[in-house]
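# Structural characterization, general
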Amino acid sequence: MVTPHINAQKGDFSERVIMSGDPIRVKYIADNFLENAYEVTNVRSMLGFTGHYKNVMVSVMSHGIGIPSALIYIKELIQYYNIKKIIRVGTCGAVRNDIKLKDIVIAMGACTDSKVNRLKFNNYDFSAIADFEMLCNAVKYSKKININVRVGNFFTTDLFYAYDYKIYDLLSKYNIIGIDMETSGIYSISSELNIQTVSICSVSDHIIHGQMLSVNDRENSFNDMIEIALETIII
Ligand code: HPA
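Each value, and the rule that gives it
Residues numbered from 1 in each chain as written. Predicted model: local features only at pLDDT ≥ 70, side-chain atom pairs only at ≥ 80, totals over all residues. Heavy atoms only, no water. Disulfide = S-S within 2.5 Å. Buried < 20%, exposed > 50% of the residue type's maximum accessible area, 1.4 Å probe, protein only. Phe/Tyr/Trp six-rings, centres within 6.5 Å; stacked < 30°, edge-to-face > 60°. Helix = DSSP H or I, 4+ residues; strand = E, 2+ residues; numbered from the N terminus. Lys, Arg positive; Asp, Glu negative; His and termini not counted. Salt bridge = Lys/Arg side-chain N within 4 Å of Asp/Glu carboxyl O. Contact = heavy atoms within 4.5 Å. Near = heavy atom within 4 Å. Polar contact = N/O pair within 3.5 Å; in protein donor to acceptor, adjacent residues only side chain to side chain. Areas by Shrake-Rupley, 256 points an atom, 1.4 Å probe, with all protein chains shown as cover. Nonpolar A, V, L, I, M, F, W, Y, C, P; charged D, E, K, R; others polar. Axes fitted to C-alpha atoms, helices over the stretch in contact; angles between N-to-C directions. Parallel < 35°, antiparallel > 145°, perpendicular 65-115°, else oblique. Left-handed = near helix turned anticlockwise from the far one by under 90°.

### Structural notes on the state of the cysteines
The full count for this structure, using the stated rule, is zero disulfides. No disulfide involves Cys-111; its sulfur sits 14 Å from that of Cys-92, the nearest cysteine. Here Cys-201 is not disulfide-linked; the sulfur of Cys-92 is the nearest cysteine sulfur, at 4.7 Å. Residue classification places Cys-201 among the buried residues on the basis of a relative accessible area of 0%.

Encoded structure:
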């Protein structure tokens, strides 16, 4: 039996999964950071691989773009494959002057314009927060390798192309350090289903300054982030 969206067999996944939106990026992580990685799922080309990092079994799986897509894969991973830890490694936008392209930002919590958490949480405001221990471990390892990370609040949006640009002033004023499309939903489902998670992103575009990283530039900051994520998930 396989799930509607994952065709791996039971036992193919590690309890520890690094996730990212783009299947090509996931294959990059498997090819360059894991030993003996093999493909475990490919439904809709949403690839997943399992291999080893420092002798610990680790999987890496894509979650697509946006909360609805991410929650499909995460729910199936938790409920059918028994995974216990997720670290998202992604890209995000920035709006503040003190955040630059390529900065690595870690979401302590995430606000959202999505209705998903309210749909699940009886229409109350859910405080979507990272797992404290994982967050601390990620920060500790970053310090150890002298990589400056910013820790703070994210904004998870359903709209990559905002219809009202005034929202960016508001986000800047409220000290939002990263804008992505998944973290708030990932944090709430992780609380609901009792797993540990943290979301680490590198800044790929500065919305106010109109800057965007080239594909090559993305890779460098991405490698640091992957190392931080892998070192954190094997603890
Ligand atoms: N907005 C939302 N999600 C993103 C962005 C953005 O500007 N950049 C990378 N992911």
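### Considering the packing of aromatic side chains
Throughout the structure, instances matching the rule amount to seven aromatic pairs. Note on Phe-121 and Tyr-124: the rings are 6.3 Å apart at their centroids and 80° apart in plane angle, and the pair reads as edge-to-face. Residue classification places Phe-121 among the partly exposed positions, given a relative accessible area of 36%. Judged by its relative accessible area of 52%, Tyr-124 is exposed. Seen from their ring centres, Tyr-165 and Tyr-168 are 5.5 Å apart, and the 70° between their planes marks the pair as edge-to-face. We classify Tyr-168 as buried; its relative accessible area is 8%.

### Looking at the side chain of Lys-85
Mapped onto the elements, Lys-85 comes out in strand 5 (residues 85-94). The side chain of Lys-85 is buried and forms no salt bridge, while Glu-133, the nearest opposite charge, is found at 5.6 Å. Discounting chain neighbours no more than four positions away, the residues touching Lys-85 are Glu-15, Arg-16, Val-17, Met-134, Gln-196, Ile-233 and Ile-235.

### Focus on the pattern of salt bridges
For the structure on display, the rule yields nine salt bridges. For the salt bridge of Asp-180 with Arg-88, the shortest nitrogen-to-oxygen distance reads 3.3 Å. In this pair, Asp-180 is assigned in strand 8 (residues 176-180) and Arg-88 in strand 5, connecting sequence segments 92 residues apart. Note on accessibility: Asp-180 and Arg-88 belong to one class, buried. The salt bridge involving Lys-100 is made with Asp-103; its shortest N-O contact spans 3.5 Å. The network of salt bridges with shared partners includes Arg-88, Asp-180 and Glu-182.

### Brief notes about the site of the ligand
Surrounding the ligand, one finds Thr-91, Cys-92, Gly-93, Phe-160, Ile-179, Asp-180, Met-181, Ser-204, Asp-205 and Ile-207. Thr-91 places a polar main-chain atom, nitrogen or oxygen, 3.5 Å from a nitrogen atom of the ligand. Note that a nitrogen atom of the ligand is positioned 3.5 Å from one of the backbone N or O atoms of Ile-179. Bound to the protein, the ligand loses 91% of the 260 Å² it would expose on its own. Residue assignment for the shell around the ligand shows that the elements contributing at least two residues are strand 5, strand 8 and strand 9 (196-206). Its residues assigned to classes, the shell around the ligand shows five nonpolar, three polar and two charged.

### Examining the packing of helix 1 (residues 23-33) against helix 7 (residues 215-233)
Taken N-terminus to C-terminus, the directions of helix 1 and helix 7 make an angle of 65°; their axes are 12 Å apart at the nearest point. Considered as vectors, helix 1 and helix 7 are oriented roughly perpendicular to each other. Crossing handedness for the pair helix 1 and helix 7: right-handed. Residues Arg-25, Tyr-28, Ile-29 and Phe-33 of helix 1 touch helix 7, and the partners they reach there are Arg-218, Glu-219, Phe-222, Asn-223, Ile-226, Glu-227 and Leu-230.

### What to know about the environment of Gly-48
Checked against the element boundaries, Gly-48 lands in strand 3 (residues 48-53). Sequence separation between Gly-48 and Leu-171 is 123 residues, and the spatial gap between their C-alpha atoms is 34 Å. Apart from the residues within four sequence positions on either side, Gly-48 is in contact with Tyr-38, Glu-39, Val-40, Thr-41, Val-60 and Met-61.

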